[in-house]
Amino acid sequence: MPYRLNALSLGLTLVLAGSLAACKPATNETASAPAQTTAPAATPVSGIDLTGLDKTVKPGDDFDAFANGGWRKNFEIPADRSNYGAFTQLLETAEKRNAELIAELAAGKPAAGTDARRIADFHTAYMDEAGTEKRGLQALQPQLDAIGAIASRSDLSRAFGAGVRADTDPLNATNFHTDNLFGVFVAKGLQEPAYVATLMQGGLGMPDREYYLSSDKEMVETRKKYETYVIALLKQAGIADAESKAKAIIALETKIAKAHAPLVDSQNVHKANNPWDTAAFAQRAPGIEWAAFFDAAGLAAQKKIVAWQPGAITGIARLVGSEPLPVWKDYLAFHALDHAAWNQALRGPGELPKAYTDLAFGFHGTTLAGTPQARERSKRALDATSSALGDALGKLYAAKYFPAASKAKVEEMVGNILAAFDERVDSLTWMTPQTKAKAREKAKSMRVSVGYPERWRDYSSLDIRPDDALGNRLRAELHEYRYQLSKLGQPVDNGEWWMTPQTVNAVQLPLQNAMNFPAAILDKPFFDPNADAAANYGSIGAVIGHEISHGFDDTGAEFDGQGRLANWWTPADTQHFQEATKKLADQYSAYEPLPGLRVNGKQTSGENIADVSGLTIAYMAYRKSLGGKQAPVIDGLSGDQRFFLAYAETWRSKIRDAALRQRILTDGHAPAAQRAQTVRNIDAWYDAWGAKPGEKLYLAPADRIKIW
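I will try to describe carefully the structure that is included in this document. Keep in mind the model is a prediction, meaning the values are calculated, not measured. (Residues numbered from 1 in each chain as written. Predicted model: local features only at pLDDT ≥ 70, side-chain atom pairs only at ≥ 80, totals over all residues. Heavy atoms only, no water.)

### Description of the overall build of the protein
In terms of regular secondary structure, the protein is built from 28 helices and 13 strands. Relative to the 2.2 N^0.38 estimate, which gives 27 Å for 708 residues, the radius of gyration of the protein is 25 Å and therefore close to what a compact globule would have. Judged by the C-alpha coordinates and their principal axes, the protein covers about 75 × 60 × 50 Å. Residues counted as buried form 62% of the 708 residues belonging to the protein. Long-range pairs, those at least 24 residues apart, make up 75% of the contacts in the protein between residues at least 6 apart in sequence. Carbon and sulfur atoms make up 52% of the accessible area of the protein, which amounts to about 25,700 Å² in all. A distance of 1 Å separates the average location of the 79 positive side-chain charges in the protein from that of its 82 negative side-chain charges. (Helix = DSSP H or I, 4+ residues; strand = E, 2+ residues; numbered from the N terminus. Rg over C-alpha atoms; globule rule 2.2 N^0.38 Å. Buried < 20%, exposed > 50% of the residue type's maximum accessible area, 1.4 Å probe, protein only. Contact = heavy atoms within 4.5 Å. Areas by Shrake-Rupley, 256 points an atom, 1.4 Å probe, with all protein chains shown as cover. Lys, Arg positive; Asp, Glu negative; His and termini not counted. Charge placed at Lys NZ, Arg CZ, Asp CG, Glu CD.)

Structure below.
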């Protein structure tokens, strides 16, 4: 899931094309009580899918292939997806439920001015394909006209400021892209109990700097296809001399890419902790007229703004001052078209006519992710509506689909796993009493929220029309940005949620010392209130343990129980921790998911730590839940065997090569197949499955990584 720095989100996420985006809720109405459900069955079911096994593979050679190989051999990824797995099953459940909710709203003919009406109208507008074709670029034309009217560097700086949106997240690489030169992230400060604005690098049409700079043949080919796409999109919009303009745009983006900080540097909070006086931006990053930029961005009143990647901000600003104005105008026009034709947040076609969205899907969907065809419009409409009006739909979702009994059972599991973590800390022989005390204090003060927020977002000022799909999306993005800015100067809300109930994900929030577990992930196949404890602890329990462990990984270790940037380790403990995490990084860097392309163990370090630690404490909590009794044998499997199979099935996935390449290069998470192999570091897995020396996953006891 992700992991936000108040957000700074760290988590577990599998990025899924067309996934439900996580809207950021605000504080308005009190949460409604969810519906009740029936009591669990007297005899628990296994919760394990035995049909997905490949018994020709030894568990000790490849546990992922053993647990999921049978499924993978027989399953074909749907043509409209770049990957498919256990997370996708949850997404499809949430999608079906959202469809039911929206249909019920539409049938009820909701009154004007209500959230129900906004949901219905947004969905109606998106589904109006004929109207979208007829309107063409109408909703985008004011923006294109404003770009055409740019006559000076001051105008250019103001245009960049006006285009800033809250579409970045410092540590969540899956949400790292911004369509503008810069993105703004608003959260509690790293060292102060107040909201601050953070400026982050952006401005690239491809996912990461490596797509521009790498000499890898796949990247070279991708760059050629990107140029073809830029030319085609400009021509479709009737822009003259598209070929030469496309070359100039890509040359400019390549210079921006060279200025970008690498992902690993961006994950380092110490390199990022750069609060600059707004008045000092002109000296530190000359080239942009910052007064005009901040005024247009709504940030003129801020005395300080954090420069997350200071070198990139300086380098990009220099380009704004030096590159030809006509090239910048062409760059802005292309990105306006690209943003409208491709919804980056949903990783799917946008709200322009089909000629535009087909071009956008051809590059973003097929070239970058390997997906053969776009998702049907009805499914995209659900995702877009959920993204724009997340809490309005989420309130209905939680009330109808997340029963109180499930909430109570998950909260009980969270309590058990936190207790297991406390016990685990107490048993560590390498950690000093001083650091142990701080760790236990942080764990005890950790705020855990399950299912849905206590307060809901207010959408009353958001203008949604039943005949303006693109305009609705653009207004929703601006509404989100203004909401984020509205937090500046307000008291910090440590109970703030960063995901909606219908989001399939979970999040750990270092600056809030809190976790969010949305309702949609607390469902089959991850959680079944009628299933045996082994399956629930191996799946959702490991997810919970993963998020708890993020509070104590390489980033979490930098934040104390109050969410302040303050390392609480002794030097000796820090050294041991760093040595252990380096060994884990080396272990993951040895994996080669694609020929010649290895996992970046350093880039994925925090997630790998959380996987190992989360699985460890989930197993401890499972054993404690048995109360000293023997687990039942179900389907011929012991409790421990079912626990580890459930964990591996959580990471059941099949992914296209292009999407896998993008994930390896840009994501802070290791690929799913490698995450399933986390079991090789857990002693109990060897006992359960008999892995022995000579098998590929086998690690000698001294080589098994134990961090928490």
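Structure's up, so let's keep going.
### A look at unusual backbone geometry
The peptide bond linking K524 to P525 adopts the cis configuration, its omega dihedral lying at 5°. Mapped onto the fold, P525 is located in the loop between β12 (514-518) and α22 (533-550). At K109, a residue that is not glycine, the phi angle is positive and equals roughly 45°. Inspection of the secondary structure puts K109 in the loop between α2 (86-107) and α3 (115-127). Not every positive phi belongs to a glycine, and N513 is a case in point at roughly 45°. On the secondary structure map, N513 appears in the loop between β11 (507-509) and β12. Of the residues examined, N513 reaches a relative accessible area of 1% and is grouped as buried.

### Digging into the packing of helix α9 (residues 242-259) against helix α15 (residues 325-341)
Two elements in contact, α9 and α15, have axes whose closest approach is 9 Å; the angle formed by their N-to-C orientations is 90°. Relative to α15, α9 is oriented roughly perpendicular. When α9 is examined against α15, the residues K245, A248, I249, L252, E253 and I256 are found in contact with a partner set consisting of V327, W328, D330, Y331, F334 and H335. Classifying every residue of the contact of α9 with α15 gives eight nonpolar, one polar and three charged. (Axes fitted to C-alpha atoms, helices over the stretch in contact; angles between N-to-C directions. Parallel < 35°, antiparallel > 145°, perpendicular 65-115°, else oblique. Nonpolar A, V, L, I, M, F, W, Y, C, P; charged D, E, K, R; others polar.)

### Details of the nonpolar core
Ranked by size, the top nonpolar core spans 113 residues in total, and within it F63, I548, F644, W685 and W708 carry the most contacts. The element that contributes the greatest number of residues to this core is helix α24 (residues 605-625), accounting for nine residues. Not counting residues within four places of it along the chain, the set of residues in contact with F63 comprises F644, L645, A648, A676, Q677, V679, W685, W689 and L697. In terms of nonpolar packing, the next biggest core, distinct from the first, is built from 78 residues, L144, M206, A259 and A360 among them. (Core = buried A, V, L, I, M, F, W, Y, C linked by side-chain atoms within 4.5 Å.)

### So, the pattern of salt bridges
Within this structure, the stated rule accounts for 47 salt bridges. Between K247 and E227 there is a salt bridge, with its nearest N and O atoms 2.8 Å apart. One end of the pair, K247, is in helix α9; the other, E227, is in helix α8 (residues 217-236), with 20 residues separating them in the sequence. In the salt-bridge network here, residues are joined through shared partners; they are R447, E454, R455 and D493. (Salt bridge = Lys/Arg side-chain N within 4 Å of Asp/Glu carboxyl O.)

### Comments concerning the environment of A194
Counting through the fold element by element, A194 comes out in the loop between β4 (182-188) and β5 (195-201). Counting along the chain gives 468 residues from A194 to Q662, while the straight-line C-alpha distance between them is 36 Å. Beyond its immediate stretch of four places on either side in the chain, A194 contacts A187, K188, G189 and V492.

### Some remarks on the sheet that holds strand β7 (residues 304-307)
Sheet architecture is open: four strands sit in the order β4-β5-β7-β6, paired in mixed fashion. Each end of this open sheet is capped by a strand with a single partner; those strands are β4 and β6 (275-277). For this sheet, the mean inter-axis angle between neighbouring strands, taken without regard to orientation, is 35°. (Pairing = 2+ DSSP bridges.)

### A short note on the environment of S386
Residue placement: S386 occurs in helix α17 (residues 377-388). In sequence terms S386 and Q502 are 116 residues apart; their C-alpha atoms lie 8.1 Å from each other.

### Observations concerning the packing of helix α19 (residues 404-427) against helix α20 (residues 433-444)
Axes are the key here: two packed helices are described by the angle between their axes and the distance separating the axes. Packing of α19 against α20 leaves a shortest axis separation of 10 Å and a crossing angle of 175°. One way to sum up the angle between α19 and α20 is to call them roughly antiparallel. Contact with α19, carried on its side by L418, F421, D422, V425 and D426, involves K436, A439, R440, A443 and K444 of α20 and no other residues of that element. Class assignment of the residues belonging to the contact of α19 with α20 gives a composition of five nonpolar, no polar and five charged.

### Observations regarding the side chain of N608
The residue N608 is located in helix α24 in this model. Look at N608 and you get buried, because its relative accessible area is 0%. Only 2.8 Å separates the side chain of N608 from the side chain of T604, close enough to count as a polar contact. Not counting the four nearest positions on each side in its chain, N608 is found in contact with L584, Y588, G601 and A670. (Polar contact = N/O pair within 3.5 Å; in protein donor to acceptor, adjacent residues only side chain to side chain.)

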